[in-house]
Amino acid sequence: MKVLIVGNGGREHALVWKVRQSPLVKEVYCARGNAGIWKIAKKVDISPTDIENLAKFAKEEKIDLTIVGPEQPLSEGIADTFEREGLVIFGHKKEASMLEASKVYAKNFMKKYNIPTAFYETFDNEKDAISFVKNTGTPIVIKADGLAAGKGVIIAYSEEEAFQTIRDMFAGKFGEASKRIVIEEFLEGEEASYIAMVKDDKLVPMATSQDHKRVFDNDRGPNTGGMGAYSPTPVITPEIENEILERIMYPTLRGMIEEGKPLSGFLYAGLMIGPKGINVLEFNVRMGDPETQPIMRRLKSDLVEHIMDILEGKIDRVKPEWSNRYAIGVVLASKGYPGKYETGKVITGIEEVEKDSDIVVFHSGTDIKNGKLVTAGGRVLTVTATGETLKEAKDRVYKAVEKIQFEGKHYRKDIGDKGIKRLQTAL
Ligand code: AMP
Ligand code: GLY
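Model, not experiment: these values are computed from the prediction. (Residues numbered from 1 in each chain as written. Chains lettered and ligands numbered in written order. Predicted model: local features only at pLDDT ≥ 70, side-chain atom pairs only at ≥ 80, totals over all residues. Heavy atoms only, no water.)

Chemist: It is not clear to me how the overall build of the protein should be interpreted in this structure. Could you clarify?
Modeler: When helices and strands are counted, the protein shows 14 helices and 23 strands. Taken over C-alpha atoms, the radius of gyration comes to 21 Å for the protein, in line with the 22 Å a tight globule of 427 residues would show. Projecting the C-alpha coordinates of the protein onto the three principal axes gives extents of approximately 60 × 50 × 45 Å. Counting every position in the protein, which comprises 427 residues, the buried fraction comes to 59%. Surface accessibility of the protein: about 18000 Å² in total, with carbon and sulfur atoms responsible for 47%. In the protein, 62 side chains carry a positive charge and 64 a negative one; their mean positions are 3 Å apart. (Helix = DSSP H or I, 4+ residues; strand = E, 2+ residues; numbered from the N terminus. Rg over C-alpha atoms; globule rule 2.2 N^0.38 Å. Buried < 20%, exposed > 50% of the residue type's maximum accessible area, 1.4 Å probe, protein only. Areas by Shrake-Rupley, 256 points an atom, 1.4 Å probe, with all protein chains shown as cover. Lys, Arg positive; Asp, Glu negative; His and termini not counted. Charge placed at Lys NZ, Arg CZ, Asp CG, Glu CD.)

Structure, rendered in structure tokens:
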């Protein structure tokens with residue numbers, strides 16, 4: 001088979017890495033990829049959102065399966081176009097991708113189908129939004145309606161901060177994405193990611209994971225796309241997983257069918273688990289980044305075979321096998337991310353750390369300039385390792401992280417700590 005992966009990040013590098021291991025696969029292509037991906041897949045020099053040209057390429061090259069990494073091509077209709085052209089693709093149609101592309105849509109959907117989520121209101125003007133905050137008080141969560149790369153959510157701890165955020169959003173801080181906003185109740189608890197491969201009313205769970213969204217240790221600083229993740233997470237016990245399936249995942253699949261927007265692809269529920277039970281913070285219509293990196297490190301069975309079975313109506317026989325080791329991924333970011341940052345910094349040390357066969361370094365924003373590997377994005381690399389215990393995986397990954405260098409390297413030092421603490425107190 002020939003498989004095309006669409007996207008440029010660490011998630012896509014992990015998907016390419018895994019897909020390449022499939023005995024069914026002869027050739028892997030990636031549009032457009034990054035310096036790490038180009039070492040193991042054929043570079044397709046087409047932007048992930050240039051849907052017409054991607055479809056043309058897939059037809060000409062006779063691609064047997066396309067897997068979409070990021071949300072943008074999905075919400076711009078890549079699956080609709082590919083299907084119309086008779087191409088096989090794993091990813092939701094445009095209408096179904098609304099579940100991620102519009103927070104207003106997702107919140108209204110959850111309300112309609114009784115899927116647990118924070119109390120909220122939606123607003124299209126500053127005055128009503130401000131008076132709502134005056135009534136509810138703080139902390140309060142303010143979300144731009146549209147896609148903002150994980151950065152369009154602000155937790156305001158004071159009224160001043162809330163008012164300023166509301167003004168900024170309506171003044172166009174996130175462009176079109178913040179013309180409408182959701183303001184919702186602040187939920188206490190611990191976050192976890194629940195991802196499944198889904199098709200119509202059926203699903204196959206992936207391994208559980210936990211991301212770390214804030215840029216600094218101890219969950220401080222602004223939200224990012226994710227600074228590190230590990231799998232599995234002890235926050236999601238078997239009982240909690242059951243509840244997630246029964247109260248969140250299956251009702252979502254059925255609800256989307258009822259809305260005439262059946263799902264087909266990865267579905268990711270971002271959860272808050274705490275005193276108010278299990279609540280959905282957001283849905284994503286794709287795999288998580290960086291969650292994919294540790295999850296793929298643990299998947300022993302063949303991802304391509306699973307996806308083909310799902311697309312061919314044989315989902316009932318899909319039974320992924322997971323390693324019982326813990327896997328962890330730490331993101332190395334550019335100084336300044338998620339705000340402004342510089343690029344073009346030379347990266348060293350990757351070959352050295354990969355001498356340990358348990359270390360796999362996935363690239364996010366990297367490029368080759370003048371023959372040298374350089375930084376080319378906010379998130380630059382995800383360094384992954386595994387271990388018998390989460391602590392062992394953590395110690396191993398950080399030894400590697402310290403040996404990789406580039407100017408302005410920033411990373412969190414506490415990835416996995418919440419899980420380690422929870423596992424220790426469970427003993
Ligand atoms: P979202 O993109 O909606 O998942 O929000 C991004 C991040 O903001 C989440 O991963 C949480 O860390 C935080 N967040 C979002 N909504 C809430 C909420 N209602 N209460 C507390 N934290 C939240
Ligand atoms: N890691 C969070 C996300 O992919 O949205």
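Text resumes after the structure shown.
Chemist: Help me understand the sheet that holds strand 17 (residues 277-284), please; the structure alone is not making it clear to me.
Modeler: Pairing between the strands of a sheet is mediated by backbone hydrogen bonds and can be parallel or antiparallel. Pairing is antiparallel across the open sheet formed by four strands, whose spatial order is 11-10-16-17. Because the sheet does not close on itself, it has two edges, and the strands there are strand 11 (202-205) and strand 17. Shown here is a sheet whose adjacent strand axes are inclined to one another by a mean of 35°, direction ignored. Where strand 10 (residues 190-199) meets strand 11, four bridges bridge the pair, whose relative direction is antiparallel. If you follow K199 over to strand 11, its bridge partner there is K202. The sheet strands contacting helix 11 (residues 303-311) are strand 10, strand 11 and strand 16 (264-274), and the helix crosses strand 10 at an angle near 60°. (Pairing = 2+ DSSP bridges. Axes fitted to C-alpha atoms, helices over the stretch in contact; angles between N-to-C directions. Contact = heavy atoms within 4.5 Å.)

Chemist: Would you take a moment to explain the site of ligand 2 for this structure?
Modeler: The full set of residues close to ligand 2 is D211, K213, G225, Y268, N284, R286, G288, D289, P290 and E291. Take G225: an N or O atom from its main chain is 3.1 Å from a nitrogen atom of ligand 2. The contact in question runs from an oxygen atom of ligand 2 to an N or O atom on the side chain of R286, over 2.9 Å. Relative to its unbound accessible surface of 200 Å², ligand 2 loses 93% to contact with the protein. Residue composition of the shell around ligand 2, by class: two nonpolar, three polar and five charged. (Near = heavy atom within 4 Å. Polar contact = N/O pair within 3.5 Å; in protein donor to acceptor, adjacent residues only side chain to side chain. Nonpolar A, V, L, I, M, F, W, Y, C, P; charged D, E, K, R; others polar.)

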